[in-house]
Structure formats: C-alpha cells, structure tokens
Amino acid sequence: MEQENDIEVLVAGPEHEVYVDTILNTIAEAAKVRGTGIAKRTHEYVAKKMQEAKAVIALRKSDGRFAGFSYIETWEKKHFVTTSGLIVHPDFRGLGLAKRIKDMTFTLARTRWPHAKIFSLTSGKAVMKMNTQLGYLPVTFADLTEDEAFWRGCEGCVNYPVLKERDRKFCICTAMLFDPTEHLPAKIPEEVLARIRHLEALEEC
C-alpha cells in the first residue's frame, strides 16, 4: 500500500522531461473517465514549462515512478496566473497528493508573481475545496482574464458550446479567484529560487 511520505513533490526541471509523455497520457485518460474535454497540450509545451520552472511534479522516492503533476500559466503580462493540469495517477490517489501538488503550484505562483491574481475554472468539488482552503473566492467570469489565448483552451471541453452560447459570461465550471496575500502554504527550496532568478534575468536580456 502506498504511503504519503513515499511521494516527493517538487518543482520540475529539465531533468524531468522524460515524464512528459506519461503525464499527457495520464491527463488524457482521466478526461475520458470524467467525460470532459481538456486543453490540448503538446510534448513541447509541457517540456517548456519544466524548463521554465513553471511546473510541479510528484514522484515515488523509491523508484522515481510518476505520481502527479500540475503547471502554471500567466496571462495579460503576468497580471493573472492559473495553476492548471492538476493530475494524480490512479495508483497514487487517496493519499492527499492533489492538495500537496496544489499547495506547491500555488506557492510557486505566489513566489514568482506576488502581485498577480490567481484564478481557477473548475467543476470538481475536490478542487473547489482546495481552492477555498487557499483563499480563493467564487467570482463571475468577468473577473477573470480577457486573454483570448486562455479562453481558446476551453474549446477542447465538451461544455464549450455552453460557454460560447452564453457569450463567455458563465458555464458549467465555477470561476474562483485569489487576490494576493502573504500566506504561502509550502516552501520553495533555495536552489529552485536561484534557478528562477536566473531564468527571469535571462527574460530581461
């Protein structure tokens, strides 16, 4: 039986690119089970998230087996942030792993963009509960980003016709928003912070 302390949750780096195809397959299979669509992401897209320190991965300590994943996206010149693609492999569910991954992506987003608004669109009760615990509040769709690139990601969902018919004002999902505070529920290692500072310095060049 799996134990929670057998799983390590960490900020992904280039060395974790070997897990990308497994991550994408796990997300796709979960969407089939739920009967929902997903924002289509390519191997290159997820690998880039890892390279940019914008992803969190969970691995079993004993053998490095993939256990879970999530990534971060920014919108409107980093004024808005989403933590997306949260997935836990079926073999590792029931261990509280989704919350640990959510805490780490949330903290990573708050650390990198402390003044950004973090939002979520979800129809899942478990995700709503985690969001609420982190300080998200329900909002209208008008409170979210206007970035067209974000909303194009909804086109892969089976409920997209509802969103389109309602002129993007509401859908099946609940919109939730976090306005910045000082609370950080997880710790980012110093070596990761150093890598982030290096990446941001390169972006400014």
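Our structure's up above, just so we're on the same page.
K.L.:
Any chance you could explain the packing of helix α3 (residues 97–112) against helix α4 (residues 125–134) here in plain terms?
P.N.:
To characterise two packed helices, one gives the angle between the axes of the helices and the distance between these axes. Taken N-terminus to C-terminus, the directions of α3 and α4 make an angle of 45°; their axes are 11 Å apart at the nearest point. It follows from the interaxial angle that α3 and α4 lie oblique. Note on packing geometry: the crossing formed by α3 with α4 is right-handed. Each of A98, K99, K102, D103 and F106 in α3 lies in contact with α4, whose residues at this interface are M130, N131, Q133 and L134. Residue classes in the contact of α3 with α4 are distributed as four nonpolar, two polar and three charged.

K.L.:
For this particular structure, what's the right way to read the packing of helix α1 (residues 20–34) against helix α2 (residues 43–51)?
P.N.:
Interhelical geometry of α1 versus α2 gives an angle of 115° and a closest axis separation of 9 Å. As α1 runs across α2, the sense of the crossing is right-handed. Two secondary-structure elements touch here, α1 through V20, D21, I23 and L24 and α2 through H43, V46, A47 and M50. In terms of residue class, the contact of α1 with α2 is made up of six nonpolar, one polar and one charged.

K.L.:
Would you mind showing me how to read the pairing of strand β7 (residues 174–178) here?
P.N.:
Regular strands have side chains that alternate between both faces of the sheet. Among the five residues of β7, four are classified as buried, and the element is accordingly described as predominantly covered. Both strand β6 (residues 137–138) and β7 contribute to a ladder of two bridges, which runs antiparallel. Residue pairing across strands places P138 opposite M176, the latter belonging to β7.

K.L.:
Is there a simple way to explain the sheet that holds β6 in this structure?
P.N.:
The strands making up a sheet associate through hydrogen bonds between their backbones, and the pairing can be parallel or antiparallel. Pairing is mixed across the open sheet formed by seven strands, whose spatial order is β1-β2-β3-β4-β5-β7-β6. Only two strands of the sheet have a single partner each, and these edge strands are β1 (7–11) and β6. Relative to strand β5 (residues 117–122), strand β4 (residues 80–88) is paired through three bridges, and the arrangement is parallel. Looking across to β5, one finds that T82 is bridged to F119. α2 rests against β2 (55–60) and β3 (66–75) of the sheet, and its axis sits at about 85° to β3.

K.L.:
Even after reading the chapter, I still don't get the pairing of β5, so can you show me in this structure?
P.N.:
Note that the unit made of β4, α3 and β5 has a crossover that is right-handed. Sheet topology note: the β5/β7 ladder contains five bridges and is antiparallel. Bridging across to β7, L121 finds its partner in A175.

K.L.:
Where do I start with unusual backbone geometry in this structure?
P.N.:
With glycine set apart, most residues show a phi of negative sign, and most peptide bonds adopt trans. In the Ramachandran plot, K78 falls in the positive-phi region, its phi being about 70° despite a non-glycine side chain. Along the polypeptide, K78 turns up in the loop between β3 and β4. Classification of K78 as partly exposed rests on a relative accessible area of 34%.

K.L.:
Looking at this structure, I do not really get the side chain of K49. What am I missing?
P.N.:
For K49, the location among the structural elements is in helix α2. For the buried K49, which has no salt bridge, the nearest side chain bearing the opposite charge is E52, at an N-O separation of 4.9 Å. Separated by 2.8 Å, the side chain of K49 and the backbone oxygen of I72 make a polar contact. Excluding residues within four positions of it along the chain, K49 makes contact with K54, A55, Y71, I72 and E73.

K.L.:
Honestly, the state of the cysteines in this entry has me stumped. Any pointers?
P.N.:
This structure, assessed with the given rule, holds zero disulfides. We note that C173 lacks a disulfide partner, and the nearest cysteine sulfur, in C171, lies 5.9 Å from it.

K.L.:
Can you help me understand the environment of T26 in this one?
P.N.:
Summarising the element assignment, T26 is placed in helix α1. Between the C-alpha atom of T26 and that of I87, which follows or precedes it by 61 residues, the distance is 7.5 Å. Discounting chain neighbours no more than four positions away, the residues touching T26 are F66, I87, H89 and P90. A polar side-chain atom of T26 sits 2.7 Å from the main-chain carbonyl oxygen of T22.

What counts and how
Residues numbered from 1 in each chain as written. Predicted model: local features only at pLDDT ≥ 70, side-chain atom pairs only at ≥ 80, totals over all residues. Heavy atoms only, no water. Axes fitted to C-alpha atoms, helices over the stretch in contact; angles between N-to-C directions. Helix = DSSP H or I, 4+ residues; strand = E, 2+ residues; numbered from the N terminus. Parallel < 35°, antiparallel > 145°, perpendicular 65-115°, else oblique. Left-handed = near helix turned anticlockwise from the far one by under 90°. Contact = heavy atoms within 4.5 Å. Nonpolar A, V, L, I, M, F, W, Y, C, P; charged D, E, K, R; others polar. Buried < 20%, exposed > 50% of the residue type's maximum accessible area, 1.4 Å probe, protein only. Pairing = 2+ DSSP bridges. Right-handed = clockwise from strand over helix to strand, strands pointing away. Lys, Arg positive; Asp, Glu negative; His and termini not counted. Salt bridge = Lys/Arg side-chain N within 4 Å of Asp/Glu carboxyl O. Polar contact = N/O pair within 3.5 Å; in protein donor to acceptor, adjacent residues only side chain to side chain. Disulfide = S-S within 2.5 Å.

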